[in-house]
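Listed below are the residues making up each chain.
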Amino acid sequence: FFPEEGKYHFDGHRNCKICFSPAQTKRHDNICPVCTKPLTVGVLNRVDALADRPEGVVPDNAIPFKNCVPLDEIIAEARGVGKASKAVEKEYFQAIGHFGTEFNILLKASADELKKGLSWKTAEGVISVRSGRVGVIPGYDGEYGKVRIFSGEGETAGRERQLQLF
C-alpha cells in the first residue's frame, strides 16, 4: 500500500484543514497558520528527523518494493461507486475467476492480459497503479490519506511529491 494513506503521515490540523509536509511544518515553526496552535506532527516528520541521508537517495542494498491498491478499490473508482457495492463485488469475483488471485491481477498479468480479462477502465486502473501514475493526498491529524487513480496528478498539484521518498 501507499504509506501516505496512514492517518498521521503528514503534519497538520484536521479542523483547520491544514496538511503540511515536514519542510512546510518547519517553515511555519510547527504552528498552524489558521488557529496559531502547534500542529499535530506526523510519521514522516519523525522519519525526516531520523534520516541519515537526503530525501530520494536509495542505498545500493535497498530491497525493492511495489505499492499496491486493492482490486476492489480500483474497480470501485473505475465505476464511480463505493467498494461495498454489488457491481464491484460482481466484477471482483469475475476477475478472480479469470486470473486466479488478486496478486496475479495486481502484479503479474501482462497489460494485454489485463485488457482482455478486465473491464477497460479497471485494466487501465491496474496499469496506472503499477506505473505509479496515481494522485496521493497524504493523511494527517487522524484523517486517512487518499489514493486517486483516475484523477491522478491533478490532486497532487501544488503539494510536494512524497512518492519520491518511497
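Residues numbered from 1 in each chain as written. Predicted model: local features only at pLDDT ≥ 70, side-chain atom pairs only at ≥ 80, totals over all residues. Heavy atoms only, no water.

1. A short note on a nonpolar patch on the surface
A cluster of nonpolar side chains, contributed by Tyr 8, Val 43 and Val 47, occupies part of the molecular surface with about 260 Å² of accessible area. With respect to the helices and strands, the residue Tyr 8 is situated in the segment before strand S1 (11–13). According to the relative accessible area criterion, Tyr 8 is partly exposed, its value standing at 38%. (Patch = residues over 30% accessible without salt bridge, like charges linked within 9 Å, V, L, I, M, F, W, Y side chains within 5 Å. Areas by Shrake-Rupley, 256 points an atom, 1.4 Å probe, with all protein chains shown as cover. Salt bridge = Lys/Arg side-chain N within 4 Å of Asp/Glu carboxyl O. Helix = DSSP H or I, 4+ residues; strand = E, 2+ residues; numbered from the N terminus. Buried < 20%, exposed > 50% of the residue type's maximum accessible area, 1.4 Å probe, protein only.)

2. As for the state of the cysteines
Under the criterion given, the structure shown has zero disulfides. For the unlinked cysteine Cys 16, the closest cysteine sulfur is that of Cys 32, found at 3.7 Å. What makes Cys 16 buried here is its relative accessible area of 18%. (Disulfide = S-S within 2.5 Å.)

3. Observations concerning the packing of aromatic side chains
Following the criterion strictly, the structure yields one aromatic pair and no others. Each ring, one from Tyr 92 and one from Phe 93, has its centre 5.3 Å from the other, and the planes form 90°; the classification is edge-to-face. For Lys 121, the ring lying beneath its charged end belongs to Phe 150, and the centroid distance is 4.9 Å. (Phe/Tyr/Trp six-rings, centres within 6.5 Å; stacked < 30°, edge-to-face > 60°. Lys NZ or Arg CZ within 6 Å of the ring centre and 35° of its normal.)

4. Some remarks on the pattern of salt bridges
Within the structure shown, the criterion is met by five salt bridges. We note a salt bridge from Asp 52 to Arg 53, for which the minimum N-O separation is 2.9 Å. According to the relative accessible area criterion, Asp 52 is exposed, its value standing at 65%. In this structure, the salt-bridge partner of Glu 73 is Lys 83, at a minimum N-O distance of 3.5 Å. Residue Glu 73 is located in helix H3 (residues 71–79), and its partner Lys 83 is located in the loop between H3 and helix H4 (86–99); the two are separated by 10 residues in the primary sequence. Here Glu 73 falls in the partly exposed class, since its relative accessible area comes to 28%.

5. Thoughts on helix H7 (residues 120–131)
Each α-helix turn comprises 3.6 residues. Residues three or four places apart therefore point the same way. The end-to-end C-alpha separation of H7 is 17 Å, in line with the 16 Å expected for 12 residues at 1.5 Å each. Every buried residue of H7 is accounted for by Thr 122, Ala 123, Gly 125, Val 126, Ile 127, Ser 128 and Val 129. Where the residues of H7 are buried, they touch H3, H4, helix H5 (102–108) and helix H6 (111–117). Gly 132 lies just past H7 and shows a positive phi near 80°. (Expected span 1.5 Å × (residues − 1). Contact = heavy atoms within 4.5 Å.)

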